[in-house]
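Chains, contacts and geometry: an overview
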Amino acid sequence: MTEKNIVILISGSGSNMAAIADAARGGQWERRHGARVAAVISNRPAAGGLSLARERGIATQVVDHTAFDGREAFDAALMAEIDRHRPTLVVLAGFMRILTPGFVRHYEGRLVNIHPSLLPAFPGLQTHQRAIEAGCRFAGCTVHRVTAELDHGEYLEQAVVPVLPGDTPASLAERVLSQEHLVYPRAIERLLARPALNP
Ligand code: GRF
């Protein structure tokens, strides 16, 4: 079986990353798919997810975007760091940087993201607040392939939750996040099980 390395990019608390890493171990992805989480890379040195990764025995790196003069230079350094792991899949998990078209092209077919809305509704930021303000009865999350256009690309999984009376952006975010932790590992495992990741 060819070895499939997964590299996960984070910026913050890393709960999706942890859910994926735990699913990989619990679901025996190494034995069943030849897949392992090879590294977790953060653009923020203080990202809480870095310690969650270390606790799980996963190699971590920081590529601090503030140390670079512009997006192109940052993305080039990030790509170099990612490519050391020869990734089959690059997983954006709460990675809060807009990537350059060159980066997206470089990982075309191997790059996935989770977005906390039911795309195509509410691409971009503050999705929960916008869903509440729009009077949506349902909200959710979407796992999708990454293309040059922000929060577009083939949808791989979605999950739906109700918007409840009195919901705040924080309470809705929490309900959506618990679903993210289920659908993201599931979407990745389905990709790993395909004969080719990008048929
Ligand atoms: C998630 O809601 C994700 O969809 C969004 O940022 C949040 C990251 O949470 N892009 P975590 O870092 O995985 O805990």
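Residues numbered from 1 in each chain as written. Predicted model: local features only at pLDDT ≥ 70, side-chain atom pairs only at ≥ 80, totals over all residues. Heavy atoms only, no water.

**Brief notes about the overall build of the protein**
To be explicit about the condition: The helix and strand labels rest on DSSP assignments: H or I over at least four residues marks a helix, E over at least two residues marks a strand, and numbering proceeds from the N terminus. Restricting the calculation to C-alpha atoms gives the radius of gyration, and the globule rule supplies 2.2 Å times the number of residues raised to the power 0.38. Partly exposed describes any residue whose relative accessible area lies between the buried limit of under 20% and the exposed limit of over 50%, with all areas from a 1.4 Å probe on protein chains only and scaled to the type maximum.
Looking only at helices and strands, one finds seven helices and seven strands in the protein. Starting at the N terminus, the α and β elements of the protein follow one another as β-α-α-β-α-β-α-β-α-β-α-β-β-α. Here the protein has a C-alpha radius of gyration of 16 Å; the compact-globule value for 199 residues is 16 Å, and the two agree. Based on the C-alpha atoms only, the size of the protein along its principal axes is roughly 45 × 40 × 35 Å. Per-residue burial over the protein gives 47% buried out of 199 residues.

**A few points about the environment of Ala193**
Structurally, Ala193 is set in helix H7 (residues 169-193). Between the C-alpha atoms of Ala193 and Trp29, which are 164 residues apart in sequence, the distance is 9.5 Å.

**Focus on the side chain of Asn5**
Put simply, the rule reads: Note on contacts: a residue pair is in contact if any heavy atoms of the two residues lie within 4.5 Å.
Within the fold, Asn5 resides in strand E1 (residues 4-10). With near-sequence residues (within four places) excluded, Asn5 lies in contact with Arg36, Ala38, His85, Arg86, Pro87, Thr88 and Leu89.

**Brief notes about helix H1 (residues 15-26)**
The condition that has to hold: Expected helix span is given by 1.5 Å per residue-to-residue step, counting one fewer step than there are residues.
With 12 residues, H1 extends 16 Å from end C-alpha to end C-alpha; this agrees with the ideal 16 Å at 1.5 Å per step. Within H1 the residues assigned to the buried category are Asn16, Met17, Ala18, Ala19, Ile20, Ala21 and Ala24. Gln28 sits one or two residues past H1 and shows a positive phi near 50 degrees.

**Description of unusual backbone geometry**
Cis rather than trans, the peptide bond between Leu119 and Pro120 has omega equal to 15 degrees. Examined against the element boundaries, Pro120 turns out to sit in the loop between strand E5 (111-115) and helix H6 (127-133). Even without a glycine there, the phi angle at Gln28 is positive, about 50 degrees. Residue position: Gln28 is located in the loop between H1 and helix H2 (29-33). With phi around 50 degrees, Gln126 is a residue other than glycine that occupies positive phi space. Mapped onto the secondary structure, Gln126 falls in the loop between E5 and H6.

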